[in-house]
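One-letter residues, chain by chain:
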2 protein chains.
Amino acid sequence: MVDSIVSAIRSVSGILMLDRSSDIDHNRSVVAFAGSPTAVSEAAFRAIDEASRHINMELHTGVHPRIGAADVVPFVPLSEATLQDCADVAYELGKRVGQELNIPVYLYEAAALRPERKRLENIRRGGYEKLRDTIAIDPALEPDFGPSAVGAAGATIIGARNPLIAFNIYLSTGDIKIAQSIARTIRQSSGGLPFVKALGFLVQDRAQVSINLTDFTQTSLPTVIEAVRSEAYKRGVEIQQTELIGLIPQAALIEVARWYLQLEFLQASQILETQIANSLA
Amino acid sequence: MVDSIVSAIRSVSGILMLDRSSDIDHNRSVVAFAGSPTAVSEAAFRAIDEASRHINMELHTGVHPRIGAADVVPFVPLSEATLQDCADVAYELGKRVGQELNIPVYLYEAAALRPERKRLENIRRGGYEKLRDTIAIDPALEPDFGPSAVGAAGATIIGARNPLIAFNIYLSTGDIKIAQSIARTIRQSSGGLPFVKALGFLVQDRAQVSINLTDFTQTSLPTVIEAVRSEAYKRGVEIQQTELIGLIPQAALIEVARWYLQLEFLQASQILETQIANSLA
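A few points on the structure. Values in this document were obtained by computation on a predicted structure and should not be read as measured data.

1. What about the sheet that holds strand E9 (residues 239–245) of chain A?
Residues and elements named next belong to chain A. The strand order across the open sheet formed by 4 strands is E7-E8-E6-E9, and the pairing between neighbours is antiparallel. The outermost strands of the open sheet, each flanked by one partner alone, are strand E7 (196–203) and E9. Between one strand axis and the next, the sheet turns by 20° as a mean value, whatever way the strands run. With 6 bridges joining them, strand E6 (residues 165–171) and strand E8 (residues 206–213) adopt antiparallel strand pairing. Each bridged residue has a counterpart across the sheet, and for Ile-169 the counterpart in E8 is Val-209.

So, in structure tokens, the structure goes:
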């Protein structure tokens, strides 16, 4: 089923397929692709269309918050593009999805039309089930585009943001309360680290802190990991393993080496493969 | 002066200039470039020629061991090339430098013609001054190519090896004995870590452990850094800062993230820039 979505994306000329990953436990897939504004907009439209035909939210289960078949579609600036370019693409795509696919659309982050929709979690709170039951009667749930009614495809959240790093930290415990407590301690919304979103889950009997780091240039990846390590230690557990979801910008890896190896002045231009790519370009 | 060497390299068509860095304290520069076997051989020849015209070893000072103006010229396999391809280039270049430039040439590592010349430090022991005084009388110093006599350009060591990581670790002390003691403890030749070469220096009144890691896939960069950190701690000092000399392969940075962030399954294909480069290629 993810294959058919990937095929729909690939069917647009000029698209570079960057990554796809499926998380069985979260019952959730991420597909990443790049291209010109026109190409990525068309590819995203076809992907949303394809997902809405195959995924029935009435039958979907998964521990991760979600409100639709194509749950969230973020545009991220690469090379010369700006965040505003991405917000413009998000706006036009949202309008088209609402009109042509008859799916409710909410615009978020840099593309948000209402301040309370800047934060993805505000839009997604309560999940598909709550949205289905109250979208017609709650004015706060009125979509930016499309009908105030959801079908089996649910709703789609479209937006523009800087690159984020999504990763999961597995703890040496099966106690979800510890993961939830650590998540509450480190996330910005509860007074923790800026640019950190975190939730606690139980995945294959292991407690997992699932994290979105929305600006790794402001709060580094090591800062987040070491905060979780320290909070875990206080609760008598350890980090067993971590996993990256999707892609990571190279600059974040450079920051990791700067931090742990004390390679204070490490630059991308010192990476062999980067220099070869730059010389060839 | 390094500029003129870089220009000589650039004058060969098909050369990709990758990196140049000069270390004032070591009075030593590294220039890295890539290209076809024919192109890199020609560029290296012109660089050796240029260095030999500008650098007078009778006037040269510097704490790092060295025997010539173009001290060491390693060829490293990239993309489809093998170590043997690099050894072949080293052999042909060595022959030409000996014949056309009249400079004594020693072949080392994968290009070595004598087993005792596999190790660079064996060839360089005693430095330019010892070589100058004994090359004519010591059969062990008979060069692989060129005359058994050195001029102001000294001798050149040419070879083939896998990518190495060269870096310096500054300690929170001005006591060179501590750097030398740590270097002795961690290096392979004194029974320490495999694939690690290390020397202790005093650089701008700070003790420095200068390291060559010749196979980071066998002994990881974190293993070396943490060994130095632990040995420093035992001697009552700390790592203040580290610095990379030249380039680092991306795989080594991935290993750093795997190690410190416990991102056990991190792959190059998860790096955004790498995926974009791969998609474009």
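2. Points about the interface of chain B and chain A
Contact with chain B, which involves 40 residues of that partner, is made by 40 residues of chain A. The contact between chain B and chain A buries some 3,700 Å² in all, and 64% of this surface belongs to carbon and sulfur atoms. On inspection of chain B and its partner chain A, the count reaches 0 salt bridges. Secondary structure elements with two or more residues in the side of chain B that touches chain A: strand E1 (16–23), helix H7 (221–234), strand E9 (239–245), helix H8 (250–261) and helix H9 (272–280) of chain B. The element contributing the most residues to the side of chain B that touches chain A is H8 of chain B, with 7 residues. Split into classes, the residues belonging to the side of chain B that touches chain A amount to 25 nonpolar, 10 polar and 5 charged.

3. Here's the deal with the relation of the copies chain B and chain A
To go from the first copy of the chain to the second, apply a rotation about an axis and then a shift along the same axis. Once turned by 180° and shifted 0.0 Å along the axis, chain B lies on chain A with an RMSD of 0.0 Å. Taken together, the turn and the small shift mark the pair as related by a two-fold rotation axis.

4. Structural notes on the side chain of Glu-50 of chain B
All names here are of chain B. Looking at the secondary structure, you find Glu-50 in helix H2 (residues 37–54). Only 3.3 Å separates the side chain of Glu-50 from the side chain of Ser-4, close enough to count as a polar contact. Those residues in contact with Glu-50 that lie beyond four places of it in its chain are Ser-4, Ile-5 and Ala-8.

5. Considerations on the packing of aromatic side chains
Under the counting rule described, the total for this entry stands at 5 aromatic pairs over all chains. Geometrically, the ring pair formed by Tyr-260 of chain A and Tyr-260 of chain B is stacked, given 4.5 Å between the ring centres and 5° between the ring planes. In this pair, Tyr-260 of chain A sits in helix H8 (residues 250–261) while Tyr-260 of chain B sits in helix H8, so the two residues belong to two different chains. Judged by relative accessible area, which is 9%, Tyr-260 of chain A ranks as buried. When the centroid spacing of 5.3 Å and the interplanar angle of 85° are considered together, the rings of Tyr-91 of chain B and Phe-145 of chain B count as edge-to-face. Taken together, the residues Tyr-91 of chain B in helix H3 (residues 83–101) and Phe-145 of chain B in the loop between helix H5 (127–134) and strand E5 (156–160) connect sequence positions 54 residues apart.

6. Digging into helix H5 (residues 127–134) of chain A
Residue and element names in this part refer to chain A. For H5, the set of buried residues is Gly-127, Tyr-128 and Leu-131. The arc that holds every buried residue of H5, seen down its axis, measures 125°, which confines them to one face. For H5, the secondary structure elements touched by its buried residues are strand E4 (105–109) and helix H4 (120–124).

7. Remarks on the sheet that holds strand E8 (residues 206–213) of chain B
Residues and elements named next belong to chain B. Within the open sheet, the 4 strands sit side by side as E7-E8-E6-E9. Their pairing is antiparallel. The sheet is open, and its two borders are formed by strand E7 (196–203) and E9, each paired with just one other strand. Ignoring strand direction, the axes of neighbouring strands in this sheet form an average angle of 20°. Packed onto the sheet, helix H6 (residues 176–186) meets strand E6 (165–171), E7 and E8 and runs at close to 180° relative to E7.

8. Topic: empty space enclosed by the protein
All names here are of chain B. Inspection of every chain in the model, using the stated rule, returns 3 cavities of 30 Å³ or more. Of the pockets and cavities examined, the largest cavity occupies roughly 40 Å³. For the largest cavity, the full set of lining residues is Tyr-108, Glu-109, Leu-120, Arg-161, Leu-164, Lys-197, Asn-212 and Thr-214. Considered class by class, the residues forming the lining of the largest cavity number 3 nonpolar, 2 polar and 3 charged.

9. A word on the pairing of E8 of chain B
All names here are of chain B. The buried count for E8 comes to 6 of 8 residues, which makes it a mostly enclosed element. Direction of pairing for E7 relative to E8: antiparallel, over a ladder of 8 bridges. For Leu-202, the partnering residue across the bridge sits in E8 and is Ala-207.

10. What about the pattern of salt bridges?
All names here are of chain A. Overall, the coordinates contain 38 salt bridges over all chains when judged by the stated rule. Close ionic contact of Glu-129 with Arg-66 constitutes a salt bridge, the shortest N to O distance being 3.2 Å. In this pair, Glu-129 is assigned in helix H5 and Arg-66 in the loop between helix H2 (37–54) and strand E3 (72–75), connecting sequence segments 63 residues apart. Owing to a relative accessible area of 32%, Glu-129 belongs among the partly exposed residues under this scheme. For Arg-66, a relative accessible area of 7% translates into the label buried. Its salt-bridge partner being Asp-144, residue Arg-117 comes within 3.0 Å of it at the nearest N-O pair. Taken together, the residues Arg-117 in the loop between E4 and H4 and Asp-144 in the loop between H5 and strand E5 (156–160) connect sequence positions 27 residues apart. When sorted by exposure, Arg-117 lands in the same class as Asp-144, which is buried. Each of Glu-42, Arg-46, Arg-96 and Glu-100 takes part in one network of salt bridges that share partners.

11. Topic: the environment of Ile-103 of chain B
Residues and elements named next belong to chain B. If you trace the backbone, Ile-103 turns up in the loop between H3 and strand E4 (105–109). A residue is classified by how much of its surface remains accessible, and Ile-103, at 5% relative accessible area, is buried. Separated by 48 residues in sequence, Ile-103 and Gly-151 place their C-alpha atoms 7.6 Å apart. Not counting residues up to four positions away in its chain, the partners in contact with Ile-103 are Ile-48, Ser-52, Val-97, Gly-98, Phe-145, Gly-146, Pro-147, Ala-153, Gly-154, Ala-155 and Thr-156.

12. A few points about the environment of Ser-22 of chain B
Residues and elements named next belong to chain B. Within the fold, Ser-22 resides in strand E1. Given a relative accessible area of 49%, Ser-22 falls into the partly exposed group. Polar contacts involving the side chain of Ser-22 include one to the side chain of Ser-29, which spans 2.6 Å.

13. Some points on H2 of chain A
Its 18 residues place the ends of H2 of chain A 26 Å apart at the C-alpha level, agreeing with the 26 Å of an ideal helix rising 1.5 Å per residue. Tucked inside the fold, the buried residues of H2 of chain A contact helix H1 (2–10), strand E2 (28–34), E3, helix H3 (83–101) and E5 of chain A.

About the criteria used
- Residues numbered from 1 in each chain as written.
- Chains lettered and ligands numbered in written order.
- Predicted model: local features only at pLDDT ≥ 70, side-chain atom pairs only at ≥ 80, totals over all residues.
- Heavy atoms only, no water.
- Pairing = 2+ DSSP bridges.
- Helix = DSSP H or I, 4+ residues; strand = E, 2+ residues; numbered from the N terminus.
- Axes fitted to C-alpha atoms, helices over the stretch in contact; angles between N-to-C directions.
- Contact = heavy atoms within 4.5 Å.
- Buried area = accessible area lost by both parts, 1.4 Å probe.
- Salt bridge = Lys/Arg side-chain N within 4 Å of Asp/Glu carboxyl O.
- Nonpolar A, V, L, I, M, F, W, Y, C, P; charged D, E, K, R; others polar.
- Least-squares fit on C-alpha atoms with pLDDT ≥ 70 in both.
- Polar contact = N/O pair within 3.5 Å; in protein donor to acceptor, adjacent residues only side chain to side chain.
- Phe/Tyr/Trp six-rings, centres within 6.5 Å; stacked < 30°, edge-to-face > 60°.
- Buried < 20%, exposed > 50% of the residue type's maximum accessible area, 1.4 Å probe, protein only.
- Arc of directions from axis to C-beta.
- 1 Å grid on protein atoms, 1.4 Å probe; cavity = no way out; pocket = protein on both sides within 12 Å on 5 of 7 lines; lining within 4 Å.
- Points joined across faces, edges and corners; volume = space filled by probe spheres on them.
- Expected span 1.5 Å × (residues − 1).

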